[in-house]
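Spelled out from the first residue to the last, the chains are:
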Amino acid sequence: MTAPTAPRAADAGAGVPPRRGPVDLPGPEGDNSIAREPLWYAYGAGDDAPEAPPWTWVPQPPPDTHVPPPPPRGGGPRRALPLGTHDRLAALPYPAPSPGGGRGRGAAEPVEDRLGRALVTAFGPQRREPENPYNDHRPYASPRCLFPVHAFVDGGAGMPWRLLEPDRHALTGAPAAPARNVVLTGRYTTVPPAYQWFRGSLIAIELGFVLRALSLGLELFDVPARLRLPGPDAHALLSALELDDAWAWSLPFVVELEGGGVPARETGFVPAPPAHLTRTDPALAELIRVNREQTYDGAPAPLTTAVPAGLGPSATVPDWAELLWRRHSGRMPRALHGMSGRRRNLPAEALDSAARWLSVPPPGPELGTAFAALTVTAVVQGVEGRTDGVHRLRDGAASLLRADATAPERIEEQYGYGVSPVNGCGIRDAPLTVFLSVRTRELFERLGTAGWGAVQHAAGWAAHGLCLSAAASGLFARPVRAFKEIPTQRVLGLDPDEMIVLSVVVGVPQDTGGALLDLRL
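For clarity, every value in this text was computed on a predicted model and none was experimentally measured. (Residues numbered from 1 in each chain as written. Predicted model: local features only at pLDDT ≥ 70, side-chain atom pairs only at ≥ 80, totals over all residues. Heavy atoms only, no water.)

Chemist: For the overall build of the chain, give the residues involved together with the corresponding values.
Modeler: Scanning the chain from terminus to terminus reveals 14 helices and 18 strands. A burial count over the chain gives 61% of its 521 residues as buried. Long-range contacts, defined as pairs at least 24 residues apart, comprise 78% of the intrachain contacts of the chain with a sequence gap of at least 6. Surface exposure of the chain reaches about 19300 Å², of which carbon and sulfur atoms provide 53%. (Helix = DSSP H or I, 4+ residues; strand = E, 2+ residues; numbered from the N terminus. Buried < 20%, exposed > 50% of the residue type's maximum accessible area, 1.4 Å probe, protein only. Contact = heavy atoms within 4.5 Å. Areas by Shrake-Rupley, 256 points an atom, 1.4 Å probe, with all protein chains shown as cover.)

Chemist: Describe in detail the pairing of strand S12 (residues 389-394), supporting the description with residues and values.
Modeler: Counting buried positions along S12 yields five of six residues, so the element is predominantly enclosed. Pairing of strand S11 (residues 375-380) with S12 involves five bridges; the strand directions are antiparallel. For Val-379, the partnering residue across the bridge sits in S12 and is Val-390. Both S12 and strand S13 (residues 397-403) contribute to a ladder of six bridges, which runs antiparallel. In the sheet register, Gly-389 faces S13, and the bridge partner there is Ala-403. (Pairing = 2+ DSSP bridges.)

Chemist: Quick one: what's the story with the packing of helix H9 (residues 348-357) against helix H13 (residues 450-472), residue by residue and with numbers?
Modeler: Close contact between H9 and H13 brings their axes to 8 Å; oriented N to C, the two are set at 155°. Here H9 lies roughly antiparallel to H13, going by the angle between them. At the point where H9 passes H13, the crossing takes the right-handed sense. Contact residues: H9 offers Ala-350, Ser-353, Ala-354 and Trp-357, while H13 offers Gly-465, Leu-466, Leu-468 and Ser-469. (Axes fitted to C-alpha atoms, helices over the stretch in contact; angles between N-to-C directions. Parallel < 35°, antiparallel > 145°, perpendicular 65-115°, else oblique. Left-handed = near helix turned anticlockwise from the far one by under 90°.)

Chemist: So, helix H3 (residues 111-123): which residues are in play, and what are the values?
Modeler: With 13 residues, H3 ought to run about 18 Å at 1.5 Å a step, and its terminal C-alpha atoms sit 18 Å apart, in line with that. By the criterion of burial, H3 is predominantly enclosed, with eleven of the 13 residues buried. Every buried residue belonging to H3 is among Glu-112, Arg-114, Leu-115, Gly-116, Arg-117, Ala-118, Leu-119, Val-120, Thr-121, Ala-122 and Phe-123, and all of these are buried. (Expected span 1.5 Å × (residues − 1).)

Chemist: Just give me the short version of the side chain of Thr-190, but keep the residues and values in it.
Modeler: In this fold, Thr-190 is placed in the loop between strand S6 (181-186) and helix H4 (198-220). Those residues in contact with Thr-190 that sit more than four places away from it in its chain are His-66, Pro-68, Pro-69, Leu-146 and Pro-148.

Chemist: Describe in detail empty space enclosed by the protein, supporting the description with residues and values.
Modeler: Any empty space left between the atoms is revealed when a probe the size of a water molecule rolls over them. Going through the model one piece at a time under the given rule, you end up with six cavities of 30 Å³ or more. Quantified by volume, the largest cavity comes out at close to 220 Å³. Around the largest cavity sit 19 residues that line it, and Tyr-188, Gly-200, Ala-204, Asn-291 and Gln-294 are the ones nearest its centre. For the lining of the largest cavity, the elements supplying multiple residues, two or more each, are H4, helix H7 (282-291) and H13. If you go around the second largest cavity, you meet 13 residues; those closest to its centre are Ala-350, Leu-351, Ala-354, Leu-432 and Leu-475. Of all the elements in the fold, those that place two or more residues in the lining of the second largest cavity are H9 and H13. (1 Å grid on protein atoms, 1.4 Å probe; cavity = no way out; pocket = protein on both sides within 12 Å on 5 of 7 lines; lining within 4 Å. Points joined across faces, edges and corners; volume = space filled by probe spheres on them.)

Chemist: So what about the pattern of salt bridges? Which residues, and what values?
Modeler: Scanning all chains against the criterion turns up 33 salt bridges. Residue Arg-326 is joined to Glu-322 by a salt bridge in which the shortest nitrogen-to-oxygen separation is 2.9 Å. With Arg-326 and Glu-322 both in helix H8 (residues 320-326) and four residues apart, this pair spans about one turn of that helix. A relative accessible area of 35% places Arg-326 in the partly exposed class. Through salt bridges that share partners, Arg-73, Arg-78, Glu-165, Asp-167 and Arg-168 make up one connected network. (Salt bridge = Lys/Arg side-chain N within 4 Å of Asp/Glu carboxyl O.)

Next up, the structure:
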């Protein structure tokens, strides 16, 4: 997943914020999405004229210089996840048997093994691409393949947590007990500081990706579950994971299996950022503070289907194993960055499938409300039976807003990573570029400040569905946030108070000739 580089002092007039235009909400034209993130939050919370925090204009080291902390490693015995999940997925034809999952296909297996297969389906490494600067590749997109969101499993009744280690194909931790809960939480310090406050959104969006990936795995292997969003006790649950740097992780989602439900754990410790963080990384300190306010009062909600009904067969993928293998974000040859693409007309089914995948809501009323608040706008070209231009996608269908054959080229001009000697950019050739936007003021009126996280999760859920739809149509899908927001609003016909939460470039892949090393088990 691509996001813009951090704003440089030179971009802001040597440290002075640019002058704001009279119709620019909430910030100045020319700013990238990173600079506008805290402004949108403040605007949603009621500030009609938010000012950029001082740290917005502080130069940051390039993202490529960041060394993320080592991945967490569980202590104690290690239990291997079941082998042969790839073969099981290859036996499940696409798009059947969804909805309804793999009902009956794994009934003879204990639920612990079926959960293991669902975890492999969601998190298991798929391949390594030696010429790709970012490795390894899983079934869902992640910024720079950093995968900051991790999963923990427990057996309920106060049992200690086990860490999912996808690269080791294992659960590591306490002695095995029947699994009752899966916790999902993201580590902010994995993401380069150059992304500043946007690190919070990247984690929240990836939680949406992961939630849909895990929901799909549970569905395919017939493991019923419920989602519990962070409640008032989420701070204690975070400390119960016994991480050395629990303060640097997001409030956890809990996926409760049958008989699950995380019991209250006695703890007097609430993980708090170190005192010096406000001075050394004020953006990180502020995004953690905002995350700790993202709590909900609702009851756990059943996981429903992650897959739309009424999908037709794919000419590209015969089964679910092949679908997950083919999901990718665009490739470049010879370790170059970005994405390459080519112009090709697509059948109407490709757009129809994308619209259906984008119409499936996430579980629960809070995420459902945020999902309903999203507006989905697409720049379309070369799709059979469709006029080139700007379309609105709603309720599983696409409708033309404005004919405009120049729209793909115009939005590529607003993308932060144009064609260069080291970078490819295939937006003007892409048959479909999707934008998920929201009016933050209206969102906060419905959900309070928790709506900020909820809409990021909902956008990630929707975008992961689009990524799977693209794979089924033989396309790549690259989630991005590197568009200049205000000029892009104008191309799309969005109002100034509509924040672009996430974008996905769907393109026709170029064959780079590079190797794909199979890591599936």
